[in-house]
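Structural description and commentary
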Amino acid sequence: DVQCGSIEKACNVNHETHLQAYKFCLPSSMLWNKCPHLVIVAMLFTLAESETETAFNVALNGTRTFHLLRKIEEGDVVTAWGMFQDRNTSKISMNIIGRKRTYLLYVDFRPYRDYMVLDSYNPKKGGWQREIRVGFPQTNFEAGKVFKVEIAVKPRGFTLYFNDVRLILNFERLIPNKVADRIVLNGGSSVFHWTALHLPKNKDRLLPFPIKAYKLYSPGFQLQDGNIIKAWGVFVNETTRFSVNLRSGNGYTLLRVEFRPPPDENIVVFTSYEGGIWMQGLQAEMPRFNHGKVFKVEVICGKDEFDITVNGTSLGLVPYRHGYAQVDVRGVELLGGSNGMTWTDLHFYDKDLMKLSLTSAFQSSIADGSKPEKAIDGNTDGKAGSCTQSRGGAGENNFWEGYLAENSTVTEVVIYNTEHKSYYKHLVGAKIYVEDVYCGEIRNVDKKQLSYTVGCNNAVGSLVRIVQDHNYLTLCEVEV
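Residues numbered from 1 in each chain as written. Predicted model: local features only at pLDDT ≥ 70, side-chain atom pairs only at ≥ 80, totals over all residues. Heavy atoms only, no water.

A word on the confidence of the model for the protein chain
Per-residue confidence for the protein chain gives a mean pLDDT of 77; residues scoring 70 or more make up 79%. Taken as a whole, residues 1-61 scores under 50 in pLDDT and shows 174 contacts with residues more than four places along the chain or in a different chain. Predicted confidence for residues 203-208 stays below pLDDT 50, and this span has 16 contacts to residues more than four positions away or in other chains. (pLDDT = per-residue confidence, 0-100. Contact = heavy atoms within 4.5 Å.)

Set out below in structure tokens:
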């Protein structure tokens, strides 16, 4: 859908530079199999509410930066997964970083030295503040196995966990939480790669993360035709059975999608449970999973059956059984897995929310206390207080970005202007893109006209970008 060359052109710069300039140029909801140097195998998830995700499922090497859309606070947990290969890997780190290159927390694993380093960095106070070295034998990592690192934000510092075992009770925080604006995963070699990252969730999130086994998650609405249940996980070759289970209010299992990988039966079984009895199941061929890579399972609600897909490929239709229908589903459980296999995300897509919706936003600069999210809050009245503004140096190089829940076909972008007597002119010359595909430019504006529609010719992507190179950029609402 997108030419590899254009992506290479956009991303073939210093990592830190391009991530600040393009933010999420790298991980997107499409599979970059034509760009092997990017090592992209999974989906971009944004920090937002309702139908969007709080995780980035990625497979990558080198330095990658993920921007926070709010301040971290007590109770937040940042979780990262990685795939270790051998002790020859260079040091690998997970960092909470703030403005002006401050490090609230630097967690650096050094397998080749059998220890790890924790530190913080404040350039205003002379640089690195208080290095702590902790013995950490390389045997804590297992070749070809997924490991998990968690950083929990506490009242006065951070608690660190490795594979659910607490390593550090409290690393004292010397820099305020409010300074943090991004998480950086760094380092690694010898085929090492980070696999998945969970950022702190928004306060209005319905689901806690990471996903907990044997916990029932409610969709929060009655399922109907067209709704989709989506689950993501990280696969490892040695895992035992794992499953997606749709449960009724009385505890029966309306549908179990059970994956039985080798050396088990190498099949997928669809079955249900009622009255203490598992019903005879339907079977499908086991799809191909890749060791250490992210996969996605979808349960799509039809009129008379569920359609089950893995990574976009249908495994088959499963009819509703015993008089049950999708309206009887009261919750979903993600079960099973072992040896590092883990479920990472679960989301419910309401039919009424399936229209394209920008769910989070970012902009090059913030003026007068405005926030990029003001352009996706549904308020189109044009009043200055309901708009956001980017105000770069000399009125140049201003941009705003909005993120869709996943890769989508965009037919048009509608921009609502401000009614402010002078700010309304900021929209003249604004250029609109979907990913790196150019949609068009707003060449003229009228003070009495609030909305402007730019066609995108069915451009495919998850990123909508509005660029203003010759003036400040003021936006009151953006719709796709």
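Thoughts on the nonpolar core
One finds V244, L246, L255, F259, F270, I308 and W343 to be the most contacted residues of the largest nonpolar core, which totals 45 residues. In terms of nonpolar packing, the next biggest core, distinct from the first, is built from 35 residues, F84, F147, L160 and L197 among them. (Core = buried A, V, L, I, M, F, W, Y, C linked by side-chain atoms within 4.5 Å. Buried < 20%, exposed > 50% of the residue type's maximum accessible area, 1.4 Å probe, protein only.)

Observations concerning a positive patch on the surface
On the surface, a cluster of positive charge is made up of K71, R99, K100, K124, K178 and K371. Mapped onto the elements of the fold, K124 is located in the loop between strand 6 (115-122) and strand 7 (127-128). (Patch = residues over 30% accessible without salt bridge, like charges linked within 9 Å, V, L, I, M, F, W, Y side chains within 5 Å. Areas by Shrake-Rupley, 256 points an atom, 1.4 Å probe, with all protein chains shown as cover. Salt bridge = Lys/Arg side-chain N within 4 Å of Asp/Glu carboxyl O. Lys, Arg positive; Asp, Glu negative; His and termini not counted. Charge placed at Lys NZ, Arg CZ, Asp CG, Glu CD. Helix = DSSP H or I, 4+ residues; strand = E, 2+ residues; numbered from the N terminus.)

Considering the state of the cysteines
Per the counting criterion, the structure on display carries two disulfides. Note on cysteine connectivity: C387 is disulfide-linked to C476, with sulfurs 1.7 Å apart. An S-S torsion of about 75° defines the bridge between C387 and C476 as right-handed. Here the residue C387 occupies a position in the loop between strand 25 (358-363) and strand 26 (388-390), and C476 occupies one in the loop between strand 31 (473-475) and strand 32 (477-479), the gap between them amounting to 89 residues. Of the two residues, C387 and C476, neither departs from the other in class, the shared state being buried. Residue C439 pairs covalently with C456 via a disulfide, S to S 2.2 Å. (Disulfide = S-S within 2.5 Å.)

A closer look at the sheet that holds strand 21 (residues 305-310)
An order of 22-21-20-14-24 is seen for the five strands of this open sheet, with the pairing classed as antiparallel. Lying at the two open borders of the sheet, with one neighbouring strand each, are strand 22 (313-319) and strand 24 (342-349). Ignoring strand direction, the axes of neighbouring strands in this sheet form an average angle of 15°. Sheet topology note: the strand 21/strand 22 ladder contains six bridges and is antiparallel. In the sheet register, I308 faces strand 22, and the bridge partner there is G316. (Pairing = 2+ DSSP bridges. Axes fitted to C-alpha atoms, helices over the stretch in contact; angles between N-to-C directions.)

Overview of the pairing of strand 9 (residues 146-153)
Burial analysis of strand 9 places eight of its eight residues in the buried class, the great majority of the element. Residues of strand 9 alternate between two faces, with V146, K148, E150 and A152 on one and F147, V149, I151 and V153 on the opposite face, all of them buried. In this structure, strand 3 (residues 77-83) lies alongside strand 9, joined through seven bridges in antiparallel fashion. Across the sheet, the residue bridging to T79 is E150, located in strand 9. Relative to strand 10 (residues 157-162), strand 9 runs antiparallel, the two sharing five bridges.

Here we look at the side chain of E401
With respect to the helices, strands and loops of the structure, E401 is situated in strand 27 (residues 398-416). Overall, E401 belongs to the buried group, its relative accessible area being 0%.

Remarks on the environment of L427
Positionally, L427 belongs in the loop between strand 27 and strand 28 (431-434). Residue L427 is classed as buried on the basis of its relative accessible area of 0%. For the pair formed by L427 and N417, sequence separation is ten residues and the distance between their alpha carbons is 7.2 Å. Not counting chain neighbours up to four residues away, the residues in contact with L427 comprise I415, N417, I442, V445, Y452, Q468, L473, T474 and L475.

Examining the environment of A430
Here A430 shows up in the loop between strand 27 and strand 28. Classification of A430 as buried rests on a relative accessible area of 0%. Separated by 32 residues in sequence, A430 and N398 have C-alpha atoms that sit 9.5 Å apart. Excluding anything up to four places from it in sequence, A430 contacts G440, E441, I442, I466, V467, Q468 and L473.

Quick word on the packing of aromatic side chains
Inspection of the entire model under this criterion finds 26 aromatic pairs. Measuring from centroid to centroid gives 4.6 Å for F306 and Y320, while their planes differ by 85°, and the two rings are edge-to-face. With a gap of 14 residues between them, F306 in strand 21 and Y320 in the loop between strand 22 and strand 23 (329-336) connect regions that are remote in the sequence. Exposure class is identical for F306 and Y320. Each is buried. These aromatic residues form a ring-pair network of at least three members: F235, F242, F259, F289, F295 and W343. Positioned above the aromatic ring of F171, the side-chain terminus of R130 is 4.8 Å from the ring centre. (Phe/Tyr/Trp six-rings, centres within 6.5 Å; stacked < 30°, edge-to-face > 60°. Lys NZ or Arg CZ within 6 Å of the ring centre and 35° of its normal.)

A closer look at the pattern of salt bridges
All chains considered together, the criterion is met by 16 salt bridges. A salt bridge links D164 to K148; the shortest N-O distance between them is 2.8 Å. With D164 in the loop between strand 10 and strand 11 (165-172) and K148 in strand 9, this residue pair connects regions lying 16 residues apart in the sequence. Owing to a relative accessible area of 15%, K148 belongs among the buried residues under this scheme. Between E258 and R241 there is a salt bridge whose closest N-O contact spans 3.7 Å. Of the two residues, E258 is situated in strand 16 (residues 253-260) and R241 in the loop between strand 14 (228-234) and strand 15 (242-248); the sequence distance between them amounts to 17 residues. The class of R241 is partly exposed, set by a relative accessible area of 32%.

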